[in-house]
Number of protein chains: 4
Amino acid sequence: MQNPDDNQIASRRDRRIQRKRQEILAAATRIFAQKGYAAATTKDIANEADIGESTLYSYFASKRDILIAIAKETGEVFDRKFQEARGLENRAALVELLENAMDIFTERLDFTRTLVAEAWIDDEIFENYVMLRLKTIELLIEAFITDRVSSGVFRPVEPGLGARAVMGMFAGIVIPVLRGNEAPFTPEKRHQIAQDVVDVLLDGVRVRHSD
Amino acid sequence: MQNPDDNQIASRRDRRIQRKRQEILAAATRIFAQKGYAAATTKDIANEADIGESTLYSYFASKRDILIAIAKETGEVFDRKFQEARGLENRAALVELLENAMDIFTERLDFTRTLVAEAWIDDEIFENYVMLRLKTIELLIEAFITDRVSSGVFRPVEPGLGARAVMGMFAGIVIPVLRGNEAPFTPEKRHQIAQDVVDVLLDGVRVRHSD
Amino acid sequence: MQNPDDNQIASRRDRRIQRKRQEILAAATRIFAQKGYAAATTKDIANEADIGESTLYSYFASKRDILIAIAKETGEVFDRKFQEARGLENRAALVELLENAMDIFTERLDFTRTLVAEAWIDDEIFENYVMLRLKTIELLIEAFITDRVSSGVFRPVEPGLGARAVMGMFAGIVIPVLRGNEAPFTPEKRHQIAQDVVDVLLDGVRVRHSD
Amino acid sequence: MQNPDDNQIASRRDRRIQRKRQEILAAATRIFAQKGYAAATTKDIANEADIGESTLYSYFASKRDILIAIAKETGEVFDRKFQEARGLENRAALVELLENAMDIFTERLDFTRTLVAEAWIDDEIFENYVMLRLKTIELLIEAFITDRVSSGVFRPVEPGLGARAVMGMFAGIVIPVLRGNEAPFTPEKRHQIAQDVVDVLLDGVRVRHSD
DNA sequence: AATGAATGAGGATTCATTCAT
DNA sequence: TATGAATGAATCCTCATTCAT
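Sequence order as written defines the numbering, with residues in each chain counted from 1. Lettering of chains starts at A and numbering of ligands starts at 1, both following the order in which they are written. In keeping with the model being predicted, local features are shown solely for residues with a pLDDT of at least 70 and side-chain atom pairs are shown and tallied solely at 80 or more, while totals for entire chains, interfaces and linings include all residues. Side-chain measures here rest on the full set of heavy atoms in the structure, leaving out hydrogens and waters.

Caption draft 1: Representation of the interface of chain C and chain D. At the junction of the two partners, chain C supplies 44 residues and chain D supplies 47 residues. Buried area counts how much accessible surface, traced with a 1.4 Å probe, disappears from two parts once they are put together, with both parts' losses summed. For the pairing of chain C and chain D, the buried interface totals around 4400 Å² over both sides, and the portion due to carbon and sulfur atoms is 58%. Of all residues in chain C, the largest losses of buried area upon contact with chain D belong to Trp120, Arg179 and Val205 of chain C, amounting jointly to 20% of the total for that side. In what follows, salt bridge is the name for a side-chain nitrogen of Lys or Arg lying within 4 Å of a carboxyl oxygen of Asp or Glu. The interface formed by chain C and chain D contains 4 salt bridges. Residue arginine 179 of chain C pairs with aspartate 123 of chain D through a salt bridge whose shortest N-O separation is 2.0 Å. Identification of polar contacts relies on pairs of N or O atoms within 3.5 Å, with a donor-acceptor requirement for protein atoms, meaning one able to donate a hydrogen and the other able to accept it, and with residues adjacent in sequence counted only if both atoms are side-chain atoms. Counting the contacts that link chain C with chain D gives 10 residue pairs in polar contact (both at pLDDT 80 or more). By definition, any uninterrupted DSSP run of H or I lasting at least four residues is a helix, any uninterrupted run of E lasting at least two residues is a strand, and each is numbered from the N terminus. Where the side of chain C that touches chain D is concerned, the elements lending two or more residues are α6 (109–121), α7 (123–150), α8 (159–178) and α9 (187–203) of chain C. Looking at the side of chain C that touches chain D element by element, the count peaks at 10 residues for α8 of chain C. Under the scheme applied here, ten amino acids are nonpolar (Ala, Val, Leu, Ile, Met, Phe, Trp, Tyr, Cys and Pro), four are charged (Asp, Glu, Lys and Arg), and all others, including Gly, are polar. Grouping the amino acids of the side of chain C that touches chain D by side-chain chemistry returns 22 nonpolar, 8 polar and 14 charged. Any two residues whose heavy atoms approach within 4.5 Å at even a single point are treated as in contact.

Here you go:
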């Protein structure tokens, strides 16, 4: 015979725990973004989260576990954003895809920064939390290009290369923001950039000799 | 000057010291590339270089000093390669620029991998050893675009954006190699890629409606 | 005394508290026996007792206090068993003494295992909770021997040595059970062993040349 | 082409390392004997050995490794002492066996104390470093008894029980010394005790009714 | 110049205990 | 009373760096 409130209480407690976990993740993310995972100490994180160092271990099993949790989180945000984008119908859809991608970076700047830094040397993070998602986007763009190549709208470029080119352009623009060397995009800027990238992809920068 | 041979002896000694420094740097580079700077230990490096751990300190003041030396080295290689490329005369020159850039990555893969990883979190490395060089390339490309925009050959794109787009495409193709997920380029592949990137930049992927 | 029931209530509460204490002690004993005192954590004990870790501290002042409580308990059980055995009248009494001792080990195997382990390094435990009781038995046996030596039934052996020999034989048989390397005794085995030990003590293993 | 002294130098260095290892083991043994393995800290050991805490780790891989080294050492001393004692020819041989066993305890008191304490809870230590050796002695005694039982010199006692009895008596006498509650044996005392134990085993304490 | 040895300054993690509810 | 949460104080261990030879 349990108290009728038990469920509510449990969920209230769960929420409290979740909130605390989020706070710690946020703090850890800030620290990781500043010094990188390896140079960050659990003490740094605890101080940033304003809790005792040992309290960390009530919420996460290890320092690495915190990193993984950040990776998972970012992955989930990504998935939520991209689950509907099944196929790119037209140019506008491609632009929107890029805008969405920029959104994630803008919103979760520090998370992503940490993730990218660690993925660079850590194969598990790279494989499971970064590559998996990049592949999603890459495949969408590849399909987009393959489509148009076979219908004769595009020149017979290698779709893989095209996709990489788009992602690369995207990266070239996003990385300075991620790295902290440029201000995050305003929504208008974001839209403009997505447009420009697609423009270059489609038509290049050269003036059409005729048209 | 006690002895007429002093200079020669000194320089012979200098050469020996320089050679040893290079060996240590090479060893360190391999280790850094494997585990990242922070996770690499001086013991790892010494073992790889087949010397005693303390001997490192006869050649470098600290672990960080080794990293900086690697950064300097890579920067110098870069500069040697790019010092003549003062202005990009034509399309071929741009292609060659990209090929040269890919060259460096191919040749000094490990150096670059380490450098990028560290630059991601270390502002000094970033500023002095990475940004400086990227800026060189960026400016060359920007000038190239500005030129053509003002002479009406290119649409009025923002030159900065164009430069970034090129560097991004380049990055998108080079990063998987750097990260170790793809095999380094063969010279033929390299040339092809450079061509393709410039093609996309100039004309995009869309079929010309008329020509 | 506000209420006539107060005493009863108090004693009912006391009993509840006592019961809980016993449960905790039993749980702690099991854990200590498995990992030893130092390696056992309060969390282990709380889990085994199926209570919250902090609840332990409503019943015991510290982890060490739990150990002491176990030691006391075991001591009391011992005393209850040996209080009547004031003097050893005859051979049968000696056999019974040993059987009783084996009884305690059999019944409170885990308690004893822990106790012995801790007594080995902890002087307080050793002095107050182990030595005291061993001395009781030793003195009984010594008196038994002294008696018979002075009445000429025994050779003039040193009674202390004899007592030690008996206790040692006893230990040699009991220790593997305590340590968990042999199964506990059945009542029949127990009786047999006690007989054998006394036999050896009295007559050794050598065949009497005449009798 | 190495220096002719290389071997000597190597062995001198080896000896130095061995000496240091011994010093550390001795220090650790003292500490373990005082507080037990679990309660002893690496800092305690380092202080006792008068070296820095981290220096320990140049000689041993872990705290547990130190314990194992102690166990090995003690085992080897034992083996050296008992390797010749192949079969017990006669009563004198049995006495000598016991004397030798007491020797080990006397010489390496702290080592043994530590070992026994840890064997009580640690199965690996128990199995590989204690049981193995005890078994050696036990089998020797068992064979001794079996022999005499079959030749009719001994009553038909169970040899296993007899062996245990002897080892138990031995333990009963040795344990207080090990535990630090009694002074170590003088050589004379040692001989006397071994004699007495064998006497009791053979003839018990009871006066022969006839002889 | 080269190095084996030594170590101080941490670093991640554990745990007995306290405290607010 | 019971307990989840929090934590300070260790604990084992690592590592960049120094030093004596």
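Caption draft 2: Seen up close, the domain arrangement of chain A. All names here are of chain A. Segment limits for the domains were obtained from an automatic or database-derived domain assignment. Partitioning chain A into structural domains gives domain 1 (1–60) and domain 2 (66–211). On a C-alpha basis, the centres of domain 1 and domain 2 stand 31 Å from each other. With 12 residues of domain 1 at the contact, the number on the domain 2 side is 10 residues. Buried area between domain 1 and domain 2, both sides added, is near 1000 Å², and the carbon and sulfur share of it is 74%. Our count for the domain 1 to domain 2 interface comes out at 0 salt bridges. Per-element accounting of the side of domain 1 that touches domain 2 gives the leading share, 8 residues, to helix α1 (residues 6–35).

Caption draft 3: The interface of chain B and chain A, seen in detail. Listed per partner, the contact involves 43 residues of chain B and 46 residues of chain A. Taking both partners together, chain B and chain A bury about 4400 Å²; carbon and sulfur atoms supply 58% of that area. At the surface where chain B touches chain A, the tally comes to 4 salt bridges. Of all elements in the fold, only α6 (109–121), α7 (123–150), α8 (159–178) and α9 (187–203) of chain B reach the threshold of two or more residues within the side of chain B that touches chain A. A total of 10 residues in the side of chain B that touches chain A trace back to one element, the largest contributor, which is α8 of chain B. A breakdown of the residues in the side of chain B that touches chain A according to their chemical character gives 22 nonpolar, 7 polar and 14 charged.

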